[in-house]
Amino acid sequence: MLEYVNFRSLIECLPTPILLRVFEYVLCERRVIVCSRSLTVLSETIYALNALLFPFSWQHIFIPILPIPLIHYATAPMPFMIGLLASSLPTLMQLPLDEVVLLDLDSKTFLLDPGFPSVLPPVSLFILKHGLYQITRNFKPKYASMSQGEAVPVPASRGASFSNLSTQDREYNYSVAGAF
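This text gives an overview of the structure that appears in the document. (Residues numbered from 1 in each chain as written. Predicted model: local features only at pLDDT ≥ 70, side-chain atom pairs only at ≥ 80, totals over all residues. Heavy atoms only, no water.)

In this section: the overall build of the protein chain. Of regular secondary structure, the protein chain possesses six helices and five strands. Its helices and strands in sequence order give the protein chain the pattern α-α-β-α-β-β-α-β-β-α-α, from N to C terminus. With 180 residues in all, the protein chain has 44% of them scored as buried. For the protein chain, contacts bridging at least 24 residues in sequence account for 66% of all contacts bridging at least 6. Per element, the accessible surface of the protein chain, about 9,300 Å² overall, is 59% carbon and sulfur. (Helix = DSSP H or I, 4+ residues; strand = E, 2+ residues; numbered from the N terminus. Buried < 20%, exposed > 50% of the residue type's maximum accessible area, 1.4 Å probe, protein only. Contact = heavy atoms within 4.5 Å. Areas by Shrake-Rupley, 256 points an atom, 1.4 Å probe, with all protein chains shown as cover.)

We now examine the sheet that holds strand E3 (residues 80–85). Taken in spatial order, the five strands make up an open sheet running E2-E3-E1-E4-E5, and their pairing is mixed. Only two strands of the sheet have a single partner each, and these edge strands are strand E2 (61–63) and strand E5 (109–112). Direction aside, neighbouring strands of the sheet carry axes that sit 25 degrees apart on average. Against the sheet, helix H2 (residues 16–27) makes contact with strand E1 (31–36), E3, strand E4 (100–104) and E5, and its axis sits at roughly 45 degrees relative to E5, the strand it touches most. Lying over the sheet, helix H3 (residues 39–51) contacts E1, E2 and E3, oriented at roughly 170 degrees with respect to E3. (Pairing = 2+ DSSP bridges. Axes fitted to C-alpha atoms, helices over the stretch in contact; angles between N-to-C directions.)

The next thing to look at is a nonpolar patch on the surface. Together, Val123, Phe126 and Ile127 make up an exposed nonpolar region whose accessible area comes to about 350 Å². Relative to the assigned elements, Ile127 resides in helix H5 (residues 122–136). Relative accessible area serves as the criterion here: at 54%, Ile127 is assigned to the exposed category. (Patch = residues over 30% accessible without salt bridge, like charges linked within 9 Å, V, L, I, M, F, W, Y side chains within 5 Å. Salt bridge = Lys/Arg side-chain N within 4 Å of Asp/Glu carboxyl O.)

Of note, the bond from Phe54 into Pro55 is cis; its omega dihedral lies within 30 degrees of zero at 15 degrees. Of note in the backbone geometry, Glu29 takes a positive phi value of approximately 60 degrees without being a glycine. Counting through the fold element by element, Glu29 comes out in the loop between H2 and E1. In this structure, Glu99 takes a positive phi of about 55 degrees despite not being glycine. You can see Glu99 is positioned in the loop between helix H4 (89–92) and E4.

What follows covers H3. With 13 residues, H3 should cover 18 Å at 1.5 Å per step; its first-to-last C-alpha distance of 18 Å lies within 8% of that length. Of all 13 residues in H3, 10 are buried; the element is thus mostly enclosed. Every buried residue of H3 is accounted for by Thr40, Val41, Leu42, Glu44, Thr45, Ile46, Ala48, Leu49, Asn50 and Ala51. Where H3 is buried, its residues touch helix H1 (8–13), H2, E1, E2 and E3. (Expected span 1.5 Å × (residues − 1).)

Moving on to the side chain of Thr45. Following the sequence through the fold, Thr45 ends up in helix H3. At 2.7 Å, the side chain of Thr45 and the backbone oxygen of Val41 are in polar contact. Those residues in contact with Thr45 that sit more than four places away from it in its chain are Ser9, Leu10, Cys13 and Leu105. (Polar contact = N/O pair within 3.5 Å; in protein donor to acceptor, adjacent residues only side chain to side chain.)

For E3, the tally of buried residues reaches five of six residues, placing the bulk of the element in the interior. For E1 and E3, the ladder comprises six bridges, and the chain directions are parallel. Bridge pairing in E3 links Cys35 to Leu84.

Bringing the environment of Ala48 into the picture now. When you line up the elements, Ala48 lands in helix H3. Remark: the alpha-carbon pair of Ala48 and Asn6, spanning 42 residues in sequence, is separated by 6.3 Å. Setting aside its immediate chain neighbours within four residues, Ala48 contacts Val5, Asn6, Phe7 and Leu10.

Here you go:
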């Protein structure tokens, strides 16, 4: 399953401390909304975030890209992972968002963070941080030169053949999947 997931955008979009915090929120089945201006970055990141749970799987609402007419789904009382284009943020912010985590990939910050306590033991957090720093040490960002709205080809999409990936992306996906 992990060979079809592109972790590159997840690692590129989120600094290690924020990535670990989002991982904890997803692991604890919180209500998480991820937003970005780029549809490509948003969809890659939310699928990668979902894949971080492997060997577990998300059993709740998972909407990679939420259309604006269904924005009220973000007020659901059950756990969810939702991707939302940044253009929908003004409408979203008018809704009652109790205990919702809202992550902006473009600014690499939490727009809403209820401040849930950390559930991972300090030793586990240290091991995860160390692993992520090892992965990102020689990392060359894929989207660094991307201008707003520019389309970037996605090397690994759901259902795509893993053999179609470039050698660099294949090695990168193996190293990231091995860390988790």
